[in-house]
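Results of the structural survey
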Amino acid sequence: MGNRNAPGAMEVNTISDYEAMVIGAHPDDTDISSAGTSALWAQQGKKIVWVCMTDGTEGSEIPHLADTDLMLTREQEQRMACDTLGVQSVEFLRFPDGALVNNQSTRKAVVRLIRKYRPRIVITHDPTTHLYAPDPDEAPKQRAYLNHPDHRATGQIVFDALFPGAVNPRAYRDLLVEELYPHQVHELYLFFSDQENTFIDISETIALKVKSIQCHVSQLDPEGEWPEWIKERAAAKAKEAKEKKGLTMQYAEAFRRIKLHAPN
Ligand SMILES: [Zn+2]
């Protein structure tokens, strides 16, 4: 970055409009990771925007289903989930599901939204998480999960959009014409991370979280045991909050919180 006091230098905005922008790869990633936190903050009167990077067209086991039909169905499910949680805005970037890459076009799309909504916090996937794999000797009945490449790509796109894209006045100068000026996000929260350091008490919004996930009818077996799984997972995070931070809560969502801005 250059000299901020140079003649003609453009000031970078640090005042937030939205409290949080939650960016997920697919419809339902934001629900599973951050619905409780989003609902809690919305109840506190804070403005929240959700962003979905892909069109979600690989989210089905039925090969002959039309892409457009599935995309529109999933977008409608995501809108219903946002209404359930009190999330005010949702944006669909519609990059191809299963093929998300970090390039000029995907980065610029995210920079555009960061400059438009001016969030204080950005919440997204931890791009360094490649897998969730318990020790087979310690947990012989559990299976490992490979993290979806779109999840890792989303995290990396957001990193590169936050810096330098969103803050550098010489990056994406064509956006200045649209009055989308440089914006400094204050904090970055990463979900599905193995370095979680922040626990949000979602005991009051866990029911809304379950309801929001319930909106994703195309993705869920209505008879499935997923509501119990969601609650068990949130209870396990609450237990970690006690062990790591001495905090008492019934249900929690966990993040790796990173401070990007330290006001003078
Ligand atoms: Zn996903």
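The preceding data block contains the structure.
Here we look at the overall build of the protein
Of regular secondary structure, the protein possesses seven helices and nine strands. For the protein, whose C-alpha radius of gyration is 19 Å, the value lies close to the compact-globule estimate of 18 Å for 264 residues. With respect to the three principal axes, the spread of C-alpha positions in the protein is 65 × 50 × 40 Å. By residue count, 40% of the 264 residues in the protein fall in the buried class. When contacts within the protein are restricted to residue pairs at least 6 apart in sequence, long-range pairs at least 24 apart make up 79% of them.

Comments concerning the pairing of strand E9 (residues 252-259)
The two faces of the sheet receive side chains in turn, since in a regular strand these alternate between them. Strand direction decides the pairing type here: strand E7 (residues 187-191) and E9, joined by four bridges, are antiparallel. Bridge pairing in E9 links Leu190 to Arg256.

Considering the environment of Leu70
Assignment of secondary structure puts Leu70 in helix H2 (residues 67-85). When the 19 C-beta atoms within 10 Å are taken as the criterion, Leu70 is described as partly exposed. Leu70 sits 15 residues away from Asp55 along the chain, and the two C-alpha atoms are 8.6 Å apart. Excluding its chain neighbours within four sequence positions, the residues that come into contact with Leu70 are Gly56, Thr57, Gly59, Ser60 and Leu65.

Definitions and limits used
Residues numbered from 1 in each chain as written. Predicted model: local features only at pLDDT ≥ 70, side-chain atom pairs only at ≥ 80, totals over all residues. Helix = DSSP H or I, 4+ residues; strand = E, 2+ residues; numbered from the N terminus. Rg over C-alpha atoms; globule rule 2.2 N^0.38 Å. Buried ≥ 20, exposed ≤ 12 C-beta atoms within 10 Å, placed from the backbone. Contact = placed C-beta atoms within 7 Å. Pairing = 2+ DSSP bridges.

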